[in-house]
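This is what each chain is made of:
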Amino acid sequence: MVLDASPGGQPGSGDTPAVRARRGLLVVGSFVVLLYLIEMVNIALFHSLNRTFGLRPRSLDGILDILTFPLLHANLTHLMSNTLPLIIFGFLVFLSGLRVFITALAASWLASGIAVWLIGGSSVTVGASGLVFGLFSFLLVRGFVNRNWWQIVLSLMLFMAYGGILFGVLPTVASFVSWQAHLGGAIGGVVAALLLSTRRGRPLAAGR
């Protein structure tokens, strides 16, 4: 079972898997609702927000766009394609705790943006797919990093169900998607798994 230990080595009272599941649904669900609210405003403004806050590679003001580009989408269909995997992967990561979720999300967000800014094409990039790839890669590798059999089983199940999306990190798959954002997000997820490794400084526990 996925539990964070208190300083004394025992799970904190009141911080049960059921409690975390409810919090995860609330936090991840709220984030997705925010994305839809932003998209509704963007539609009303004829997607002018994309031109202002979308990520423009190798431009000085584009550095700030790293903070905003995953919140925007090209259209409603684009957002809907990211919604289900974002909810599933985000929820599964959150089961390991808020700190783990924030770290994995932040690393995916930052690495995705940096990759697009450095090696992106000439067009403006928007979308949360880099976060999807980051959370997915985090879930795939953390079990092997932690040598945790429950997490390894989960990663294998996720790979069988969603492994095909990993082709999205290749530049030859589709010209209309940002493989740079996907690749950067995936790298960020791996980095987060390494940073959060439960093998560092203490014996392996029942799950993290």
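The sections below set out a description of the structure shown in this document. (Residues numbered from 1 in each chain as written. Predicted model: local features only at pLDDT ≥ 70, side-chain atom pairs only at ≥ 80, totals over all residues. Heavy atoms only, no water.)

1. Describing the packing of aromatic side chains
Filter applied, for reference: Classification of ring pairs uses Phe, Tyr and Trp, with its six-membered ring standing for Trp, and accepts pairs whose centres are within 6.5 Å; under 30 degrees between planes counts as stacked, over 60 as edge-to-face, and the remaining range as tilted. Secondary structure follows DSSP: runs of H or I at least 4 residues long count as helices, runs of E at least 2 residues long count as strands, and numbering of each begins at the N terminus. When accessible area is computed with a 1.4 Å probe and restricted to protein chains, residues below 20% of their type maximum are described as buried, those above 50% as exposed, and intermediate ones as partly exposed.
In this structure the tally under the stated criterion is 4 aromatic pairs. Aromatic side chains Phe89 and Phe136 sit 4.9 Å apart centroid to centroid with 25° between the ring planes, which places their arrangement in the stacked category. Of the two residues, Phe89 is situated in helix H4 (residues 76–94) and Phe136 in helix H6 (residues 129–146); the sequence distance between them amounts to 47 residues. One exposure class covers both Phe89 and Phe136, and it is buried. Relative to Tyr162, the ring of Phe89 lies with its centre 5.2 Å away and its plane at 80°, an arrangement referred to as edge-to-face. Here Phe89 is found in helix H4, whereas its partner Tyr162 is found in helix H7 (residues 149–162), with 73 residues between them in sequence. Take Phe89: its relative accessible area is 0%, and that puts it in the buried class. Ring-pair connections join several aromatic residues into one group, and the members of that group are Phe89, Phe136 and Tyr162.

2. Brief notes about the environment of Leu98
Mapped onto the fold, Leu98 is located in helix H5 (residues 98–119). Put simply, Leu98 and Gly24 are 74 residues apart on the chain and 8.2 Å apart in space, counted from C-alpha to C-alpha.

3. Quick look at the pattern of salt bridges
Filter applied, for reference: For this document, the term salt bridge refers to a Lys or Arg side-chain nitrogen within 4 Å of an Asp or Glu carboxyl oxygen.
Taken as a whole, this structure holds 2 salt bridges when the rule is applied. With its nearest N and O atoms 3.2 Å apart, the salt bridge here joins Arg56 to Asp61. By relative accessible area, which is 24% here, Arg56 ends up partly exposed. Asp61 gets classed as partly exposed once you look at its relative accessible area, which sits at 42%. Among the salt bridges present, the one from Asp65 reaches Arg56, with a minimum N-O distance of 2.6 Å. A cluster of three or more residues bridged by salt bridges with shared partners is formed by Arg56, Asp61 and Asp65.

4. Description of the side chain of Thr125
Put simply, the rule reads: Should any heavy atoms of two residues lie within 4.5 Å, those residues are considered in contact.
As for its position among the elements, Thr125 is in the loop between H5 and H6. Setting aside residues up to four positions removed in sequence, Thr125 forms contacts with Gly54, Leu55, Phe69, Val116 and Ser178.

5. What about a nonpolar patch on the surface?
Which entries qualify depends on this criterion: Like charges within 9 Å and nonpolar side chains (Val, Leu, Ile, Met, Phe, Trp, Tyr) within 5 Å are joined into patches, using only residues over 30% in relative accessible area that form no salt bridge. In short, Shrake-Rupley with a 1.4 Å probe defines the accessible areas, and a residue's cover is counted only from the protein chains shown.
On the surface, a cluster of nonpolar side chains totalling about 350 Å² of accessible area is made up of Met40, Ile43, Leu76 and Met80. Those elements that provide at least two residues to the nonpolar patch are helix H1 (17–44) and H4. On the basis of relative accessible area, Met40 is assigned to the partly exposed category, the value being 42%.

6. Observations regarding H1
Counted only if it meets this: Any helix carries an expected span of 1.5 Å times its number of residues minus one.
In a regular helix each residue adds 1.5 Å, so 28 residues correspond to 40 Å; H1 covers 40 Å between its end C-alpha atoms and thus fits that length. Every buried residue of H1 is accounted for by Val19, Arg20, Ala21, Gly24, Val28, Phe31, Val32, Leu35, Ile38, Glu39 and Asn42. Of the surrounding secondary structure, the elements contacted by the buried residues of H1 are helix H2 (48–53), H4, H5 and H6. Of the residues trailing H1, Phe46 is marked for its positive phi of about 55°.

7. Brief notes about the packing of H5 against H6
In a packed pair of helices, the relevant descriptors are the angle between the two axes and the axis-to-axis distance. We apply this condition: A fitted line through C-alpha atoms represents every axis, and for helices the fit uses only the stretch in contact; the resulting angles, taken between N-to-C directions, go from 0 to 180 degrees. Here the angle decides the label: under 35 degrees means roughly parallel, over 145 means roughly antiparallel, 65 to 115 means roughly perpendicular, and every other value means oblique. For any helix crossing, the convention is left-handed if the near helix is rotated counterclockwise from the far helix by under a right angle, and right-handed if that rotation is clockwise. Residue polarity follows a fixed list, in which Ala, Val, Leu, Ile, Met, Phe, Trp, Tyr, Cys and Pro are nonpolar, Asp, Glu, Lys and Arg are charged, and the others, Gly among them, are polar.
Viewed as axis vectors pointing N to C, H5 and H6 meet at an angle of 130°, and their least axial separation amounts to 8 Å. Classified by the angle their axes make, H5 and H6 are oblique. Seen along the crossing, H5 lies across H6 with a hand that is right-handed. In contact with Val100, Ala104, Leu105, Ser108, Trp109 and Ser112 of H5, H6 contributes Gly130, Leu131, Gly134, Leu135 and Phe138. A breakdown of the residues in the contact of H5 with H6 according to their chemical character gives 7 nonpolar, 4 polar and no charged.

Everything listed here is a matter of geometry and, on its own, says nothing about what the molecule does.
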